[in-house]
Amino acid sequence: MAASKGNLGIDPAGGGPTAQILRLDTSWQQACLALDQRALNGLWTAEQWLRELDDPRRLCIGLVQPDALLGVACGWMVADELHITAVAVDPDRRRSGHGGVLLKALLQWARQHGAVHATLEVASDNVAALALYAKAGFRTAGTRSGYYSDGRDALIQWCRIPSAPSPTSAA
């Protein structure tokens, strides 16, 4: 679980002086499971985390500060779309910009791999997540009634991933 392992070379501005954004692998399974319990009330099982971390078609990145996992963002590509499967930040580290840093890094990676759109499902009552996604350009396109095991609805959200800015030439 070394912090240098899998560094994506993305600057985690706002993550703290020693924070790094890393591509997580199966060595992070227990840390992801513990974060999931704290931040998402156990959304995924250990087996689901293992699959997310082991499948080469999926990307799971973490904001790591030396060996502490501050947050994760996961997704997978389907054609030219990024399907975001999880974004979670340690409850003790929320409201520090970590979720935005992770989401931006995940969208940047997807753009570099040909994605032009991103989609996700979010609980209709998750005000903080809705604000995070709105700031990143996501808009609600529909609802999945009773999507979550507790009966809550999910909002289906989409955004167009902006192209990388082109370099300007000096006149």
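Model, not experiment: these values are computed from the prediction.

Asker: Break down the packing of aromatic side chains for me, with residues and values.
Answerer: Given two aromatic rings, one states the distance between the centres and the angle between the planes to describe the pair. Evaluation of the coordinates by the stated rule reveals three aromatic pairs. Considering the side-chain rings of Y147 and Y148, the 5.0 Å spacing of their centres and the 90° angle between planes classify their relative orientation as edge-to-face. Since its relative accessible area comes to 42%, Y147 is described here as partly exposed. Residue placement shows R152 over the ring face of Y148; its charged tip is 5.1 Å from the ring centre.

Asker: Hey, could you go over the sheet that holds strand β5 (residues 117–123) for me, with residue numbers and the actual values?
Answerer: In sheet architecture, strand pairing relies on hydrogen bonds along the backbone and comes in two forms, parallel and antiparallel. An order of β1-β2-β3-β4-β5-β7-β6 is seen for the seven strands of this open sheet, with the pairing classed as mixed. Two strands lie at the open edges of the sheet, namely β1 (20–23) and β6 (139–144), each paired on one side alone. Taken over all neighbouring pairs, the strand axes of this sheet differ in orientation by 25° on average, direction set aside. For β1 and strand β2 (residues 58–65), the ladder comprises four bridges, and the chain directions are antiparallel. Pairing of L22 across the sheet is with G62, part of β2.

Asker: Tell me about the state of the cysteines, and please be specific about residues and values.
Answerer: Enumeration according to the criterion identifies one disulfide in this entry. Across the disulfide, C60 is cross-linked to C74 (sulfur-sulfur distance 2.3 Å). Taken together, the residues C60 in strand β2 and C74 in strand β3 (residues 68–78) connect sequence positions 14 residues apart. Take C60 and C74: they sit in the same class, and that class is buried. We note that C32 lacks a disulfide partner, and the nearest cysteine sulfur, in C60, lies 4.8 Å from it.

Asker: Could you give an account of the pairing of β3, naming the residues involved and the relevant values?
Answerer: By the criterion of burial, β3 is predominantly enclosed, with eight of the eleven residues buried. Pairing geometry for β2 and β3, over eight bridges, is antiparallel. Following the sheet pairing, R58 is matched in β3 by W76. Where β2 folds back onto β3 in an antiparallel hairpin, the turn is made up of two residues. Taken together, the eight bridges between β3 and strand β4 (residues 81–89) define a ladder with antiparallel strand orientation. Bridge pairing in β4 places G75 opposite I84. The hairpin formed by β3 and β4 contains two residues between the paired strands, and A79 there has a positive phi angle of roughly 55°.

Asker: Which residues make up the pattern of salt bridges, and what values do they have?
Answerer: For the structure on display, the rule yields eight salt bridges. For D90, the salt bridge goes to R38, with nearest N and O atoms at 2.8 Å. With a gap of 52 residues between them, D90 in the loop between β4 and α3 (98–112) and R38 in helix α1 (residues 29–40) connect regions that are remote in the sequence. Note on D90: relative accessible area 14%, which makes it buried.

Asker: Please set out the environment of Q65 residue by residue, giving values where relevant.
Answerer: Assignment of secondary structure puts Q65 in strand β2. For Q65, a relative accessible area of 18% corresponds to the buried category. Separated by 45 residues in the primary sequence, Q65 and Q20 place their C-alpha atoms 6.5 Å from one another.

Asker: Can you tell me about the nonpolar core, naming the residues and giving the values?
Answerer: By size, the foremost hydrophobic cluster in this structure holds 31 residues, and its most contacted members are I61, L82, I84, L107, A118, Y133 and F138. Of all the elements in the fold, those that place two or more residues in this core are β2, β3, β4, α3, β5, α4 (127–135) and β7 (154–160). By residue number, the principal contributor to this core is α3, which donates eight residues. The next biggest cluster of nonpolar side chains, apart from the first, holds 18 residues, and it includes L24, C32, L33 and A86.

Quick notes on the rules
Residues numbered from 1 in each chain as written. Predicted model: local features only at pLDDT ≥ 70, side-chain atom pairs only at ≥ 80, totals over all residues. Heavy atoms only, no water. Phe/Tyr/Trp six-rings, centres within 6.5 Å; stacked < 30°, edge-to-face > 60°. Buried < 20%, exposed > 50% of the residue type's maximum accessible area, 1.4 Å probe, protein only. Lys NZ or Arg CZ within 6 Å of the ring centre and 35° of its normal. Pairing = 2+ DSSP bridges. Helix = DSSP H or I, 4+ residues; strand = E, 2+ residues; numbered from the N terminus. Axes fitted to C-alpha atoms, helices over the stretch in contact; angles between N-to-C directions. Disulfide = S-S within 2.5 Å. Salt bridge = Lys/Arg side-chain N within 4 Å of Asp/Glu carboxyl O. Core = buried A, V, L, I, M, F, W, Y, C linked by side-chain atoms within 4.5 Å.

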